[in-house]
Amino acid sequence: MTAARVDTPQEPPPGGRRFRVSGDQAVRWTLYGGTLVLVVAVAFLVDWERLQSQMFRWDLVQAQFPGIVTQAARNTLIFTAFGFTGGLALGLVVALMRLSSVAPYRWAATVYVDVIRGLPALLLLIFIAFGLPIALGVRIPGTYGRGSVALAIVSSAYIAEVIRAGIEAVPKGQMEAARSLGMSRGQAMRRIVLPQAFRIIIPPMTNELVLLLKDTALISVIGVTDATKELTRFGRDGVVANANATPLVVAGLVYLALTIPMTRLAAYLERRAGASR
Amino acid sequence: MTAPTLPAVRLVDLHKSFGSLEVLRGIDLDVQRGEVVCVIGPSGSGKSTLLRCMNLLEVPTRGRVFLGDIEVTAPDCDLDHVRAQVGMVFQQFNLFPHLDVERNLTVAQQVVLGRSSREAVEVALAMLERVGLEDKRHEYPSRLSGGQQQRVAIARALAMGPQVMLFDEATSALDPELVGEVLGVMRELAREGMTMIVVTHEMHFARDVADRVIFMDGGVIVEQGPPADVFGAPREDRTQRFLERVLTR
């Protein structure tokens, strides 16, 4: 880029280039103008009063509290915590199986990951809540139980792939050095490879956590009691009860209050990891 | 166990293939206790593979490996136990980047040898002193120069109390001005009577320190003998050509 700038004065100013620059500017001004027209049009066409009364009625906003925090957000976080813990444990096992030298382990883990990742989370959730009891007589007790197990299984497939990528990103020499010192494969994995792998995967893992938190909304379909309502169900019930969208908007804001700090944290960790390399 | 006639390392008709590529084509070798053997040869000649077969980082396709009176290639051999007695130093150092220098030296002592943390630290400090880096015990590897990292790697291997030390092109990844300090540590080890098998491109080191030089090419040992003979009056054409190439550089 710098080189091009140095070269230009030596050549006669290329007419085509100058034309292109003013062409860029014309496009830019057209965009500015178009955007302005659009904004003005929206401002005039939208019935703001109605919008406010339907989506952000202040008394309804206030009516959501404190329940939306003490009950709904709390339940969302409980499902997230259980789901993620379970997903992490299960995902680690699956990742290690995928990297195993025992072929049947590898096959089983590959099939597991392919199937779970290839199915909609909603379908799995419904299957675990309603299909399992009918088909196998297995009934996981409680909404917390069913919801968390379903989320753990869904997230475990994605987490397994993240962990596997992390393990594979640790140079092979680390395992060899550990083995050459007499450590068994398991000892080397636990003490040398996994600690490094987990450091590498903190940013993608944070993303998985955000995805999981949003997926807790799916639990609203499997029949919850008042006590186990999470944010989406809480908002939806509010909409139905009041014939007004305000509760859902507030629920959305609470989601953002949870997810945006997490994605920001992930971005920060990613930058820091990149800088230390 | 330490019968004086028993070699520290014995390789019998060792073969190793990667797929259809035959890297080792029948190696027979005895290394005596306290002997320093330098392995030289063009790249791709199988030197590193030979070394890696000795502690079974690579599993030989055919042939047998003995360390002292233990057959490493026996199916019931406790490999982890054997590997703890064979120190290995890698071209890329392979220090554990998430652990500080002291922990790099103690982790295997505790996990593999079952030493207490105090005991392990004591050994670690003694080994760091041996390589002149006792003041770096709390640094992380990334804060050390390549030469310092490799000296820590040597200390880490020594902390396990190995019977044999294997060096796999230990100075090839170093900046030229850092090679000397690592070779210095290796020289000192040789002087103390450590059994060493050294794959190297440092011909001066081989000439000065080795009791025996082995020239490998195409997966076989082409020629071996005291450094004065191999360097001074090589018998084989291939050895001559290789030495001309590397020594006139």
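Check the entry above for the structure.
Since we're looking at a predicted model, the values are computed, not measured.

Undergrad: Hey, could you run me through the overall build of chain B in this one?
TA: Secondary structure assignment for chain B yields nine helices and ten strands. Computed over C-alpha atoms, the radius of gyration of chain B comes to 18 Å, within 12% of the 18 Å expected from 2.2 N^0.38 for 249 residues, which places it in the range of a compact globule. Each of the three principal axes of chain B carries a C-alpha extent, and together these read 55 × 45 × 40 Å. Out of the 249 residues in chain B, the part that is buried amounts to 55%. One finds the centroid of the 27 positive side-chain charges in chain B at a distance of 2 Å from the centroid of its 35 negative side-chain charges.

Undergrad: Would you take a moment to explain the pairing of strand β3 (residues 36-40) of chain B for this structure?
TA: Within a regular strand, side chains alternate between the sheet's two faces. Residues and elements named next belong to chain B. With five of five residues buried, β3 lies mostly within the body of the structure. Burial along β3 is two-sided: the residues Val36, Cys38 and Ile40 and Val37 and Val39 are all buried. Two strands pair when backbone bridges link them, and β3 and strand β8 (residues 195-199) are joined in this way by four bridges, in the parallel orientation. Bridge assignment links Val39 to a residue of β8, and that residue is Val199.

Undergrad: How should I be thinking about the state of the cysteines in this particular structure?
TA: Covalently bonding the sulfur atom of one cysteine to the sulfur atom of another cysteine gives a disulfide. Counted under the stated rule, the structure contains zero disulfides over all chains. The thiol of Cys53(B) is unpaired, and the distance to the nearest cysteine sulfur, on Cys77(B), comes to 14 Å.

Undergrad: Any chance you could explain the layout of surface pockets here in plain terms?
TA: The probe, sized like a water molecule, is rolled over the atoms to show the empty space still left. Residue and element names in this part refer to chain A. In this structure, the second largest pocket occupies an estimated 490 Å³ of space. Of all the secondary-structure elements, those providing two or more residues to the lining of the second largest pocket are α8 (143-169), α9 (172-180) and α10 (185-215). Here the lining of the second largest pocket takes five residues from α9, the largest share from any one element.

Undergrad: Whenever I open this one, the packing of aromatic side chains confuses me. Can you help?
TA: The geometry of an aromatic ring pair is captured by two quantities: the separation of the ring centres and the angle between the planes. Per the counting criterion, the structure on display carries four aromatic pairs over all chains. Note on Phe56(A) and Trp58(A): the rings are 6.4 Å apart at their centroids and 40° apart in plane angle, and the pair reads as tilted. Each ring, one from Phe79(A) and one from Tyr144(A), has its centre 5.4 Å from the other, and the planes form 50°; the classification is tilted. Of the two residues, Phe79(A) sits in helix α5 (residues 67-98) while Tyr144(A) sits in helix α8, which places them 65 residues apart along the sequence. A relative accessible area of 0% places Phe79(A) in the buried class. A relative accessible area of 28% means that Tyr144(A) is categorised as partly exposed. The positively charged end of Arg156(B) is found above the aromatic ring belonging to Phe96(B), 4.4 Å away from the centroid.

Undergrad: Looking at this structure, I do not really get the sheet that holds strand β6 (residues 86-89) of chain B. What am I missing?
TA: Either a parallel or an antiparallel arrangement is found when strands of a sheet pair, and the pairing is made through backbone hydrogen bonds. Residues and elements named next belong to chain B. Taking strand neighbours across the sheet as the criterion, the six strands line up as β6-β7-β8-β3-β9-β10 in an open arrangement whose pairing is mixed. Across the chains shown, the open sheet's two edge strands, defined by having one partner strand only, are β6 and β10 (220-225). Within the sheet, the average angular offset between the axes of one strand and its neighbour, ignoring direction, is 20°. Here helix α9 (residues 237-247) sits on the sheet and contacts β3, β9 (212-217) and β10; the angle it forms with β9, its principal contact strand, is near 100°.

Undergrad: What am I meant to see in the side chain of Asn55(B) here?
TA: Counting through the fold element by element, Asn55(B) comes out in the loop between α1 (47-54) and β4 (62-67). Among the residues examined, Asn55(B) registers a relative accessible area of 0% and is labelled buried. Those residues in contact with Asn55(B), other than ones at most four positions away along the chain, are Ser180(A), Arg83(B), Val86(B), Met88(B) and Leu166(B).

Undergrad: Explanation requested: empty space enclosed by the protein in the structure shown.
TA: All names here are of chain B. Summed over all chains, the structure comprises three cavities of 30 Å³ or more. In this structure, the largest cavity spans a volume of roughly 100 Å³. In terms of lining residues, the largest cavity is bounded by eleven residues, among which Ala8, Leu67, Gly68, Gln85 and Gln163 are the most central. Per-class residue counts for the lining of the largest cavity are seven nonpolar, three polar and one charged.

About the thresholds
- Residues numbered from 1 in each chain as written.
- Chains lettered and ligands numbered in written order.
- Predicted model: local features only at pLDDT ≥ 70, side-chain atom pairs only at ≥ 80, totals over all residues.
- Heavy atoms only, no water.
- Helix = DSSP H or I, 4+ residues; strand = E, 2+ residues; numbered from the N terminus.
- Rg over C-alpha atoms; globule rule 2.2 N^0.38 Å.
- Buried < 20%, exposed > 50% of the residue type's maximum accessible area, 1.4 Å probe, protein only.
- Lys, Arg positive; Asp, Glu negative; His and termini not counted.
- Charge placed at Lys NZ, Arg CZ, Asp CG, Glu CD.
- Pairing = 2+ DSSP bridges.
- Disulfide = S-S within 2.5 Å.
- 1 Å grid on protein atoms, 1.4 Å probe; cavity = no way out; pocket = protein on both sides within 12 Å on 5 of 7 lines; lining within 4 Å.
- Points joined across faces, edges and corners; volume = space filled by probe spheres on them.
- Phe/Tyr/Trp six-rings, centres within 6.5 Å; stacked < 30°, edge-to-face > 60°.
- Lys NZ or Arg CZ within 6 Å of the ring centre and 35° of its normal.
- Axes fitted to C-alpha atoms, helices over the stretch in contact; angles between N-to-C directions.
- Contact = heavy atoms within 4.5 Å.
- Nonpolar A, V, L, I, M, F, W, Y, C, P; charged D, E, K, R; others polar.

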